[in-house]
Amino acid sequence: MSALPPLAPAAAPELHIASLVVHALPQRLPEVRAAILAIAGSEIHGASDTGKLVVTLEAPSTDDMMARISEIQRLDGVLASALVYQHADTLAAMNEEIGDVHGS
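A few points on the structure. The structure presented is a predicted model; accordingly, all values stated were derived computationally and were not measured.

The subject of this paragraph is the environment of Val-55. Counting through the fold element by element, Val-55 comes out in strand E3 (residues 52-59). Beyond its immediate sequence surroundings of up to four residues, Val-55 is in contact with Ala-18, Ser-19, Leu-20, Val-22, Ile-36, Glu-43, Ile-44, His-45 and Ile-72.

Another aspect to go through is a nonpolar patch on the surface. Taken together, Val-21, Val-54, Val-84 and Tyr-85 make up a surface patch of nonpolar side chains, about 350 Å² in accessible area. For Val-84, the position within the fold is in strand E4 (residues 78-90).

All right, on to the sheet that holds strand E1 (residues 14-24) then. If you walk across this open sheet you meet the four strands as E2-E3-E1-E4, and the pairing is antiparallel. At either end of the open sheet lies a strand with only one pairing partner, and these are strand E2 (42-47) and E4. Averaged over all adjacent pairs, the angle separating strand axes in this sheet is 20 degrees, with direction ignored. Judged from the eleven bridges that link them, E1 and E4 form a sheet pairing that is antiparallel. Bridging from a neighbouring strand, Leu-20 pairs with Leu-83 of E4.

Another aspect to go through is the nonpolar core. Membership of the largest hydrophobic core comes to 18 residues, with the highest contact counts inside it found for Leu-20, Val-22, Ile-36, Leu-53, Val-55, Leu-57 and Ile-72. Of all the elements in the fold, those that place two or more residues in this core are E1, helix H1 (29-37), E3 and helix H2 (62-73).

Within a regular strand, the side chains alternate between the two sheet faces. Sheet topology places E2 next to E3; five bridges connect them, and they run antiparallel. Looking at the pairing, Ala-47 lines up with Leu-53 of E3. Linking two consecutive strands that pair antiparallel, namely E2 and E3, is a turn of four residues; a positive phi of about 100 degrees is found at Gly-51 within it.

Here we come to H2. Relative to the 16 Å expected for twelve residues at 1.5 Å per residue, H2 spans 16 Å between its end C-alpha atoms, a close match to the ideal helical length. Listing the buried residues of H2 in full gives Met-65, Arg-68, Ile-69 and Ile-72. All buried residues of H2 lie within an arc of 95 degrees about the axis, which places them on one face of the element. Contact partners of the buried residues in H2: E1, H1, E3 and E4.

Glancing now at H1. Looking at H1, one finds that the buried residues are Leu-29, Val-32 and Ile-36. The arc that holds every buried residue of H1, seen down its axis, measures 65 degrees, which confines them to one face. Each element contacted by the buried residues of H1 is listed here: E1, E2, E3, H2 and E4.

The next point concerns the side chain of Ser-42. Within the secondary structure layout, Ser-42 lies in strand E2. For Ser-42, the side chain forms a polar contact with the main-chain oxygen of Ile-36, separated by 2.5 Å. Among the polar contacts made by the side chain of Ser-42, one reaches the main-chain carbonyl oxygen of Ile-39 at a distance of 2.8 Å. Setting aside its immediate chain neighbours within four residues, Ser-42 contacts Ile-36, Leu-37, Thr-56 and Leu-57.

Cut-offs applied
Residues numbered from 1 in each chain as written. Predicted model: local features only at pLDDT ≥ 70, side-chain atom pairs only at ≥ 80, totals over all residues. Heavy atoms only, no water. Helix = DSSP H or I, 4+ residues; strand = E, 2+ residues; numbered from the N terminus. Contact = heavy atoms within 4.5 Å. Patch = residues over 30% accessible without salt bridge, like charges linked within 9 Å, V, L, I, M, F, W, Y side chains within 5 Å. Areas by Shrake-Rupley, 256 points an atom, 1.4 Å probe, with all protein chains shown as cover. Salt bridge = Lys/Arg side-chain N within 4 Å of Asp/Glu carboxyl O. Pairing = 2+ DSSP bridges. Axes fitted to C-alpha atoms, helices over the stretch in contact; angles between N-to-C directions. Core = buried A, V, L, I, M, F, W, Y, C linked by side-chain atoms within 4.5 Å. Buried < 20%, exposed > 50% of the residue type's maximum accessible area, 1.4 Å probe, protein only. Expected span 1.5 Å × (residues − 1). Arc of directions from axis to C-beta. Polar contact = N/O pair within 3.5 Å; in protein donor to acceptor, adjacent residues only side chain to side chain.

By themselves these figures say nothing about function.
Shown next as structure tokens:
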């Protein structure tokens, strides 16, 4: 009988954050807004009458983030989306308190 190889340690939980500018057809803006807000971890921080939206996404992994971005890009009425910012780190690092310049 052969011994099983040791299990690799589990990866630390992560948090991925991204921001996008989404350009939608102005006449489809209400439907696009609703569809984006239905995506887990999404928020809309601003919108213009010309169809531009500022969106942030949170996801637990790179694969989940890419799936959410792709879902937005495929929405009926979306003309384009541009990734503006992306950051990923462990949850422990994201929750770490950072002191100010005075060390408090």
